[in-house]
Every structure is written in structure tokens, then in C-alpha cells.
There are 2 protein chains.
Amino acid sequence: MDTLNRFTSLPGFLKRYEDLIIREIVPYQEKILWDQVEGAEKSHAFENFLLAAQKLETGRCEGTFYGMVFQDSDVAKWLEAVAYSLRIRLDAALEKRADEVIELIARAQHADGYLNTYFTVKAPDKRWSNLEEAHELYCAGHMIEAAVAMAECTGKTRLLAIMRRMADLMVKHFITENNEGFPGHPEVELALMRLYRYTGEADYLRLAQRFIDTRGSDFFTREREHRQWAIWSGHDDREYTQTHLPVREQRDAVGHAVRAIYLYSGMADVARETGEPALLEACRALWESVTRRRMYLTGAIGSAYEGESFTRDYHLPNDTAYAETCAAVGLVFFARRMLEMEKRSEYADAMERALYNCVLAGMQLDGTRFFYVNPLESLPGISGEAVTHRHALPQRPKWFTCACCPPNVARLLTSLGRYAWGLDEKAITAHLFVPGRLTLDDGAAVTLSTAYPAEGKLRFRFEAKKLPVNRAFALRLPAWSEHTEIRRNGSTAAYEERDGYAVLLGPFHDGDEVTVTLSMTPRRIYPSVRIGADSDRVAFTRGPLVYCAECVDNGGHVLNLQIEPESEIRVVPAEMLGGVATLRVQGRRLSDDGELYAYTRPQAEPCEITLIPYYAWSNRGLTEMRVWLPEA
Amino acid sequence: MDTLNRFTSLPGFLKRYEDLIIREIVPYQEKILWDQVEGAEKSHAFENFLLAAQKLETGRCEGTFYGMVFQDSDVAKWLEAVAYSLRIRLDAALEKRADEVIELIARAQHADGYLNTYFTVKAPDKRWSNLEEAHELYCAGHMIEAAVAMAECTGKTRLLAIMRRMADLMVKHFITENNEGFPGHPEVELALMRLYRYTGEADYLRLAQRFIDTRGSDFFTREREHRQWAIWSGHDDREYTQTHLPVREQRDAVGHAVRAIYLYSGMADVARETGEPALLEACRALWESVTRRRMYLTGAIGSAYEGESFTRDYHLPNDTAYAETCAAVGLVFFARRMLEMEKRSEYADAMERALYNCVLAGMQLDGTRFFYVNPLESLPGISGEAVTHRHALPQRPKWFTCACCPPNVARLLTSLGRYAWGLDEKAITAHLFVPGRLTLDDGAAVTLSTAYPAEGKLRFRFEAKKLPVNRAFALRLPAWSEHTEIRRNGSTAAYEERDGYAVLLGPFHDGDEVTVTLSMTPRRIYPSVRIGADSDRVAFTRGPLVYCAECVDNGGHVLNLQIEPESEIRVVPAEMLGGVATLRVQGRRLSDDGELYAYTRPQAEPCEITLIPYYAWSNRGLTEMRVWLPEA
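Please read these numbers as outputs of a predicted model, since none were measured by experiment.

### Here's the deal with the overall build of chain A
Working step 1: Counting its regular elements, chain A contains 16 helices and 25 strands.
Working step 2: For chain A, the residues scored as buried account for 63% of the 632 residues in total.
Working step 3: Counting only contacts in chain A whose residues sit at least 6 apart along the sequence, the fraction spanning at least 24 positions is 72%.
Working step 4: Surface exposure of chain A reaches about 21,500 Å², of which carbon and sulfur atoms provide 48%.

Below you can see the structure in the form of C-alpha cells.
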């Protein structure tokens, strides 16, 4: 059962982000899409739809397509975020404007259902001829997601009808007419699965399956030979597009990290639906490859700028990481889908890790700027400047030509109910601890009140005015919580621990309370000795949050700091940075005698090192930053 | 006074390399140039000259140019090494073959003196039209160097006459006809200075000066607009070619490291000749930029594969370093030229660092394989494989299409007399301690016997049968030697210390001995706290040698090793790897529980860590390797 519409957030840590997105970011993105923000790079996304509509209506258009080949997807992701926003906060004016955009999209749709402004405006004779590069299916996928979200959240099905026509055209092309192919950038698979689940139309499942099943052939090589046109100066790297092997044989996460993680999410969607063991097995293996060998402590993935890609096991450089915000968003998607198949806390732990660290770091605290790349170490003078670090900006820029990340963050943070909770006939499951109210059947509900992640107290309260809630209540026991205390109506709760979840049996009556005390003692965390970049370093966590050191709190430098191995970690409530505590730990500050290499060990003087949550880094000017700090 | 022809090496550490080059590498390279090595990539270098000759003689040729646009320079560097080889060991057959090659070169020269097989065979109408990319002046420079070397070492001036005609043509084109331009890849400047010094012809100095003086304009941008042809898909990066500023205003070493260091060498040559303060000041500033902020501990330079370039201050990644062998050879050239202007041990220290570490590491101990890229950390499974590490091979390959490094090493290691000694009217100076005999005037000589760098005892013995040697004797006090004891004929020597040199006053009589005991106690060396990649790490040196750890000596892994901070460093004579001692130091081996991140600190058990000289790494199979090791 989908928990999206059953969830209403309550004041708390993530609610602040939800508000920021609804209040600031969704309207800002709208302006961007209309090219109304001075100084920002031109988007032209709505303009592309206007041109496409004009062309379909008059046979020609005044102007040309501008932007990335996947510019349409910015509109789709914005509409998806609008849908979630409208569910959270009614806004008649916004809804009206969204409806107008949808009407514009309708006008840009061909009579046969085809929708893609790049092809309509720029290359009408080239439809479906460059699946590798042209992101036609990717854009369709995002718009399908927006359509389903709009139907789910507002009940309005105008966009859904539009996108069903496009989906039906795809079914006709790939299944009825049996044309070979699958997308260069996966996304449509998971979108088709959303559409299938919402509409019940089996053709959409079949098409998602077809894309999954045929992937791994040399189709792109053959397509390239035939098509005689290109968008980028292509290279035949089959790992980049995850087409090096049939997906069921893939065991290592490779290539473009966002493509990979979207593909795995679609695979998990299909595996859940079909129950096919080989596909589930591949999903599990790829999950392990990602999270046990190729994931940063912050939940970021993608070690290399080159190809925005996964590289090799244990290659996790901190300062040159690609660690794209979108890829971390994708990891949340993948984790959620694995959870739907197997309720194991490993999935939810990673989902939480990615969300509270990499994803949130993607956004400036005031919501005005975004990181695409989220390194774990930043070196002013090198980061953003050296030829190897051009991507690793030390400060969030305003807006990018490729505007993928901000709307991806927006749609995730406005649909948290879907990730925080699980619900089926047997159990209500709290995966993440987002304060809010989850509506159950028969007018029942469960409400979580908490200052998490600032504090570790969770209070779940059941409402069941009519009937008791006859389900089990499962809650994740986070791996980071050394001791988790669970009480039920004041007494120690009886529960069974199952795959990292505490399962309390029902029924739950009106007013029943489950209170949880997670251990929020800050902890040192150590990297595998196989990670060359982190040798002899340590990082700090408290609850789900990873911490880092910045100059402003530490006497102007971070590279000269060492951690005292056995020292106490103090928790100091913060007056800034979202109200989450900072940490203080004893360390040493090394002297800098200006020599490049010296035979004498640098002098070390004791100092107190201040650590702030990673998500809040680079909010106070240009700074050195380090997550992994050397131990003295 | 040039010390090349005055020096004869004696058995010892570097003599082994000299022998290897003469016995194995020069003949092997000759076969490569003739395409006679099966399995090696085709060179076609001699064939290109044959084709050019055929074309000039018959108006057409059967076949086409093959190889890099600078393929001619492989022939030049080989001829230069042959010249030095013939000086060291007579080889009538080799000399005859070299003469035949020179006749072939003569046949490939145009009537007006022009020589470049790429242009003659492939683009006869495009001469001088693409100075940025086409390496025309670069190839000329290398061939001029070969010509001077051949004249210096064998007395034969056939190639010199050929190259003077080419140099005269260049003078005509750039000075007489006043055509604008300078080379994309500097090299011809230092070559012209060699030619000027050998011939005394002031035009060659003027031309070198012209190239130096005009560099830094937007000439390449304008050339690109006019030329309408390209060799590479060019990009307008003026730092890459060191044309971003007039050379006298350059203060930071930027761009392609080999180009940079060849340019600085040429600048130093000109500055020495003209005594111009502004040029000397630029040389000093660039020297400091290179050696005080952008140089690896091994004397390697060039932090990035992208553009084979310098990056930013203190950006010295170990595993992704470019650290090209040729650039370290170039650093030796630059250091030698700075020494010619200012006898300061800083220059010779860096020269020695680059020679004994990065340059020697470029060559397999058996002389059969070569590294172009010399990382300070190697990670099998990542190095040579991850997209970020494709250049950083963990094992030396056989031969490259771009064969720049092996002949560069060959010409350097067969002309060591030029780098080891300095000689002027007032002083004999021992910069490096290469065993051998330096001939002075009046039948006098000074001979150094030593097992250096295996041991720190140096015995200099004067021969002066006719007249006493009436010069001072200066010897470098290496920065790494904590206590240097100098005795003269058995007694503590009186000497003045001047800029890192001990200066002993003459006269020296026949049989006089100066014995030196350098402190060879192995030492820990610490990186600047500004080098992010080396935080909390330590490296080991003994004498001029930098050490590293490899798997084979250390229980199969290196990444899991930590150094015990205060432990003794034992010196253990080695039976392999060139006979230089290995080091043993107490450390800890960390456990690997297989977790990517863990809340428990890895278990540490005491162990003895074995370190070998860096130059000898990767001679015993695929291995993890680390120069900078974490301290426990």
C-alpha cells in the first residue's frame, strides 16, 4: 500500500525542508523554467513546449529548441514536485498554473501520442532512432512519473491521459511492432511500473520488462552504425550505459551512477511484481556492490567525474568524488524498492544515510543554491580549480544548464511519506523517523512526534477511535543506535527482532503509545583498510548524521587537524545550521613551517575540534572541509 | 666548462644503468625504430625518413607518414644517446649504423635545409603553419641536440652541418623574414642554446631569445584561426602551452609539465648567457613554484593526467599522479641550468631527488620495460583500470606509441658527467656523487670512488703529476645528510660553507685525498600539512633514495600498514634490487573485517614493515605500493 497520500508531515527537521521547497524552490524553479530569473542560465524548457505546440498547430515555429536533449524532464520533475506540494499545501494559483502547463504539454503532443519537444522542434524525422543518447524514453519516464503523481495527489488525470497516450505509443512501437531497443538512460522502466501500478494496465508492465530483459545486447553499437547522427561525440563504452551484460548477469555497479541506480530501481520494481528469483538475485548483488564496496559514508555514489560513474571496489576518493546529488536520490529510490521486497534494515539504513547526508547537502540551507557534486573533502584553491577538480565546486552555484539535481531533491523531499513508512495488511513499518501522521484504514492513524535527528526520542501514538489497529508495528533498529529502548504504554515493550526491525504485535488501541529511545551518543566510524583514500582516518556520526570539519570553527584550517584517538566527543547544541548539534572532540593542530617536505615532524598543539553536520557544509563561505580526519 | 667529455664513469650504482643502456636499451630502441621488435607497437620512425628521402629524390613516395607528429624526435633522442654511448664505449658497428642513419637524414633534408618527415611526406605545403601543435620546432630541437652531442662525443660534424642548415633556415624564417611564432612544445630554445655554445654563432642565441621573448602572446589563437587544419581537436588553453603570460611574468608552474620544464630550461640557458635580471628572476620564481609547492617527494612533477600537467599548489595526489618520467628528466635539465647560474645546493638536491627516484623508477631493473607515469601509490584493481587511473599503470609496459620517455632516460643516464660535476676557472664542483674520473687541464684529474648511494663514504683523489690543481674544490652538502664529515689527507678539512656547498681551497697536489662521510642514517620525512593527500603520513629516505612498501615483503598488503611513530629504522643490506639496502621499521598491521565502514576500530597487531627503494618498485609482479605510509 502506498503511504504517500496517507502521510502528513508535522513540524520537525525535514518539515523545514519541505516548507522551503514548497515556499521557495518550486516557485523559483518555475521562474527558471520560464527564463524569468536574471543572471541564471537560460532554461528554455517551457519555451521548447511552446515551440513544439506552435509547430504542431501551424506547421512551423519561430525559434529553435534550446537546452539539453533532456530539457523536457525539468518540466516533468517540476510538475511532479508541484503535485506533491499541492498535496501538502493547497495553492489554487499554483494549481492553475500547473494546469496551464499541462495544457501546453497537451498542445505539444502529436496526434499519435508522441511527446518530446527536442524531436518535434528539431528532429521530427529522427524519432526512436537514437535511443542511446537522445533521452526520449527518459523524458517520457519523468513525465509519466509527474502524471501519476498529479493523479495521486490532486486526483486530476489530464496529464495521466496525455502520458498514457505516449506510453501506448511506446507499447505499440516496442511491443506490437516489435522494434528492438531500450533507453540509454534508464528511468522509463520505473516510471512504467508506477503507471502500471496506478492504472493496472499490464502492457506497461510488459514494456518495462521488455526494456529490462533486452538490455545488455550490442543494440547501441548497431544503432550507432545505422543512425548517422549523434548528439554527443559518442564512445562505445557499454559499462557507461549498463549494457555490457544482460542485467541478470550484472554483479558490479558500473558506469554512470544515476543511470545505474535508476536501472536497478526499475529492475527491483519488475522483480517485485514478477517475483522472478534471477532478477531479485541481481538486484541484491548490485545492492551489495553499491553499498558494501562503492558507497561513500554520506550515502553518495559515483567515484569519478569521468562518465559520472562508479569505478572500482574501494575506490572512494574524497576530494575528486563525483557523488552526484541525483545519484543519492536514486539510491533512496533503489533502497525503497528493495524494502518493498525484503524488509531488511540494511536498505532503510542506506536510504537514511543518503537522505540525511548527501541529498540534504545538495541544497544550501536557505534553498537558493545547489551542489550537484558532493565531495567529502574540499580544498579551496584546488577544488573547483585544478583540472582534476573542476566539477568539485567548493561552494554551491546558483543554477546549472543541466538542471537535474534541484528538482530531483524537490520531488523527493515533498514525498517523504512514501519513504518513511511501509504499510501492508500485516504490518505498519517505520523505516525513517519523520515526524508526521500516517492515516490507516477505518479512521485510524499513527502519529510520530520527535525532534529527530536532533534527538533520539520517538513517540508513536495510535488513534483508533472505531476499531483497534490489527496489524503489527515494526520499526527499524538503526545500525548506528547501540542501544535502542522500546516502551509500549510506558512499559518495556515485548518485540521480536527480525532483519533489523523490532516487530511489536498488534492490536494497538486508541491512545496506545510506543516510545523509542535511540542511542544518540556520537560515534567514531572507521573506513575499511581497503579504502586507500581514508587510511588512518576517522569520521564522526551522531544518529544518521555524518559530521565534518570546516575552517570557520577551527582556527582557519582543517588540513592541519588530527583527532585524539580516545578522547570524549561532546555534543554541543547549535544555534545555527538547522539546530542540529555540533560535536567537539579533542585533537591536535599541526604547525606549518612552509616546507614542502621536512625531516622534522610538525609541532602539534592540543586543540578542540568542532564538527558540524555534513549536510550543512559550505553555508558560511569558502572553506576547507573534511569528513575523514586523520587520527593522531 | 662542459664536463661531459671530461668524465668517465667507474663501476658503481649508476654505472650499472649506463651499461644497461649501452648494452640493451640503445640496441633495443634501434630495433624499435626499424620496426624489428615483434609484438611492440610500430614506430615507423626510420621508415618516415626513408619515405621523405624517396619523396625528395623522386617526387613521390610509396607509403605514408605514420606515428606521432613528433615521431622524428625518437630518432633524434636515439642518436643523442648513441653519441654518448660511443663516447663511453667504442662500437664501430654501432657508429657505422648511426652514420648511415645520419646519411638518411641528410637525404630527407630539403635543399633549403628544411627537415621534418611529417611535413615532407604528409603536408609539404603546411610548413610553419601550425607551430602550436605540429612539433616542427620540437623535432628540430631534438635533432640539434643530437647533432651537437654527436660532434661533442665523436668529433663527427655531419649531423651538425645538417642541423645548422635547418637552424639557419629557422633564423631566416623567424628573424630575417620576421615571421611571428614560437613552438607549442618548447625544446628548440635549449637546443639552440647548445648549438650556440658549440658553434659560437650568435644567430642561434638570437633565435632562442626570440622564441622566449615573444612567448605569451595570443599567437596560437590567431594561428588557429588562420591555419584551417589541426592535428588534435584543439582547445584554447594557454596555460597548457605556457603562453598565458609573457615568460618574465610567469610565477607559477602551469600546464603540460614537460613543456613547462623544457621552457624553463631554455629560459635559464638564455638568462645565463645574457645575464638579464628579469629572466633570471622568472627562472627562480618558477623553480620555487615547481620544487617548493608542486613537486612530489620523488622529484616527479605533473599532478594530473589531464593535460599531463601541473595543477595547483600542494595538489599532489599519490595514486593519480601523472609524474611523467620525461618531466623528471626535464627537472634535471632545469636544475643543471640553474646551477650554472647560481651554485646553490637546492638545485643539485632536487636534481639528485629526481634522478635517483622518479627517473630511475621509469626503467625496469632489467632495462626491458618503462613507466611513463610514476605514481607514489599503486592500487591493483584500481590503478591502470579505473577511469581515473587508466594512465597510472601498476606495471611497466613494453613500449608505447609515444616513445618519449625511454630515449630521454637513455640520453640522460649516458651523459651523467654533465650533471655530476661543475667546472670553472675557480672551482671544481661535485654536485652529484657518481663514481668516476674527471679530467682537468694539464693532465690533472680527480677521481671519485664510492659505493654511493648504498654507502655514504666518498673518496676523491687528485692526480696532478705536472702541476698542482689550483682551483677550489667544492662539494655539495646534501640537505638529507645530517652530519657530513670532510677530511683532507686524513685530517679534518678546513672549508667554508657557501650556499650548501663545502668549499675547500686549492691547491691540490698529486695524491691528495678528500674523503667525505655522509650521514646515511635512514630518516623519516614529513609532508607539508597543506598536502591533503598525505595527511598524517610519513615517508622514509636514506641518502638520496626515497623508499616505499610493496606487498611481497609485507604479508600481501600495504594499505593495512601503519608506521610506529618513534621506532628505530633498521638498514638491511639487500641481495636484490640493485644491491641497495632495504629498511625495516616497526609498524602495525590492521585487520580487515570486510565491512566498508565500521564503528569499531580495526584490530592492530605489531609487525615489521619492509621498505625498498622507490626506483625498484614493481619489479616483482603486481603489487600494492605506497611511499607515504600512515603513522599509527
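### Description of the relation of the copies chain B and chain A
Working step 1: Laying chain B over chain A is done by rotating through 180° and shifting 0.0 Å along the axis; what remains is an RMSD of 0.0 Å. Within this description, the copies of the chain are treated as partners about a two-fold rotation axis.
Working step 2: An overlap of 100% is found between the interface residues of chain B and their copies at the interface of chain A, pointing to a shared contact surface.

### Brief notes about helix α8 (residues 188–199) of chain A
All names here are of chain A.
Working step 1: Spanning 12 residues, α8 covers 16 Å between terminal C-alpha atoms, matching the ideal 16 Å at 1.5 Å per step.
Working step 2: Of all 12 residues in α8, nine are buried, a share of seventy percent or more.
Working step 3: For α8, the set of buried residues is V188, E189, L190, A191, L192, M193, R194, L195 and Y196.
Working step 4: Backbone geometry just downstream of α8 places G200 in the positive-phi region, at approximately 75°.

### Topic: the packing of aromatic side chains
All names here are of chain B.
Working step 1: Applying the stated criterion to the full structure yields 64 aromatic pairs over all chains.
Working step 2: Between Y614 and W617 the ring centres are 6.5 Å apart and the planes differ by 25°, which places this aromatic pair in the stacked class.
Working step 3: Relative accessible area serves as the criterion here: at 0%, Y614 is assigned to the buried category.
Working step 4: By relative accessible area, W617 is classed as buried at 0%.

### With respect to the pairing of strand β10 (residues 472–476) of chain A
The side chains of a regular strand alternate between the sheet's two faces.
Residue and element names in this part refer to chain A.
Working step 1: Of all five residues in β10, five are buried, a share of seventy percent or more.
Working step 2: Pairing between strand β6 (residues 427–430) and β10: four bridges, direction parallel. Across the sheet, the residue bridging to A427 is A472, located in β10.
Working step 3: Where β10 meets strand β14 (residues 501–504), four bridges bridge the pair, whose relative direction is antiparallel. In the sheet register, F473 faces β14, and the bridge partner there is L504.

### Side note on helix α3 (residues 72–88) of chain B
Working step 1: With 17 residues, α3 of chain B should reach 24 Å at 1.5 Å per residue; the first-to-last C-alpha distance of 25 Å fits that figure.
Working step 2: Across the 17 residues of α3 of chain B, 15 count as buried, placing the element largely inside the fold.

### Side note on the domain arrangement of chain A
All names here are of chain A.
Working step 1: According to the domain assignment, chain A consists of domain 1 (424–518) and domain 2 (525–630).
Working step 2: Domain 1 and domain 2 are separated by 36 Å when their C-alpha centres are compared.
Working step 3: If you look at the interface, domain 1 gives four residues, while domain 2 gives five residues.
Working step 4: Summing both partners gives a buried area of about 430 Å² for domain 1 against domain 2, and 64% of it is carried by carbon and sulfur.
Working step 5: Interface area lost by domain 1 to domain 2 is led by P453, A454 and W480, which between them contribute 89%.
Working step 6: Our count for the domain 1 to domain 2 interface comes out at zero salt bridges.
Working step 7: Across the domain 1-domain 2 interface, the total number found is one residue pair in polar contact (both at pLDDT 80 or more).
Working step 8: For the side of domain 1 that touches domain 2, the class distribution of residues is four nonpolar, no polar and no charged.

### A few points about the sheet that holds strand β7 (residues 436–439) of chain B
Across a sheet, strands are paired by hydrogen bonds formed along the backbone, either parallel or antiparallel in direction.
Residues and elements named next belong to chain B.
Working step 1: Judged by pairing direction, the sheet is antiparallel, and its seven strands sit side by side in the order β1-β7-β8-β9-β15-β11-β12 without closing on themselves. Lying at the two open borders of the sheet, with one neighbouring strand each, are β1 (7–9) and β12 (491–492).
Working step 2: Examined bridge by bridge, strand β8 (residues 445–450) and strand β9 (residues 457–463) share six bridges and lie antiparallel to one another. Within β9, the position partnered with V446 by the bridge is F462.

### Notes on the interface of chain B and chain A
Working step 1: Taken together, the contact pairs 61 residues of chain B with 61 residues of chain A.
Working step 2: For the pair chain B and chain A, the summed buried surface comes to about 5,000 Å²; carbon and sulfur atoms form 55% of the total.
Working step 3: When the buried area of chain B at its contact with chain A is split by residue, L596, Y597 and Y599 of chain B rank highest and sum to 19% of it.
Working step 4: Counting across the interface, chain B meets chain A through eight salt bridges.
Working step 5: Applying the counting rule to chain B against chain A returns 26 residue pairs in polar contact (both at pLDDT 80 or more).
Working step 6: Sorting the residues of the side of chain B that touches chain A by element identifies α12 (277–293), β16 (523–527), β17 (537–542) and β22 (597–598) of chain B as the ones contributing at least two each.
Working step 7: A per-element tally of the side of chain B that touches chain A places β16 of chain B first, with five residues.

Quick notes on the rules
Per chain, residues are indexed from 1 in the order of the written sequence. Chain letters start at A and ligand numbers start at 1, both assigned in the order the entries are written. Given that the model is predicted, a residue must reach a pLDDT of at least 70 before its local features are reported, and side-chain atom pairs must reach 80 or more before they are shown or counted; all residues, however, enter totals for whole chains, interfaces and linings. Hydrogens and water are ignored here; the side-chain numbers use all heavy atoms of the structure. Helix numbering and strand numbering both begin at the N terminus, where a helix is a DSSP run of H or I of at least 4 residues and a strand a DSSP run of E of at least 2. Between buried and exposed lies partly exposed: a residue is buried under 20% and exposed over 50% of the maximum accessible area for its type, with that area taken using a 1.4 Å probe on protein chains only. Residue contacts are defined here by distance: any two heavy atoms, one from each residue, within 4.5 Å place the two residues in contact. Shrake-Rupley sampling with a 1.4 Å probe provides the accessible areas, and residues are treated as covered by the protein chains on show and by no other component. Here the copies are superposed with least squares, the fitted atoms being C-alpha atoms of residues at a pLDDT of at least 70 in both. A helix is expected to span 1.5 Å multiplied by its residue count minus one. Classification of ring pairs rests on two measures: the distance between centres of Phe, Tyr or Trp rings, Trp counted by its six-membered ring, which must be within 6.5 Å, and the angle between planes, read as stacked under 30 degrees, edge-to-face over 60 and tilted in between. Only strands joined by at least two bridges in the DSSP assignment are considered to pair. Each domain's extent was defined by an automatic or database domain assignment. Buried area: the sum, over both parts, of the accessible surface (1.4 Å probe) that disappears when the two are put together. Each salt bridge in this description consists of a side-chain nitrogen of Lys or Arg and a carboxyl oxygen of Asp or Glu lying within 4 Å of one another. A 3.5 Å cut-off defines polar contacts: any pair of N or O atoms within that distance qualifies, except that in protein one atom must be a possible hydrogen donor and the other a possible acceptor, and neighbouring residues in sequence count only when both atoms are side-chain atoms. Each residue is assigned to one class: nonpolar for Ala, Val, Leu, Ile, Met, Phe, Trp, Tyr, Cys and Pro, charged for Asp, Glu, Lys and Arg, and polar for all the others, Gly among them.

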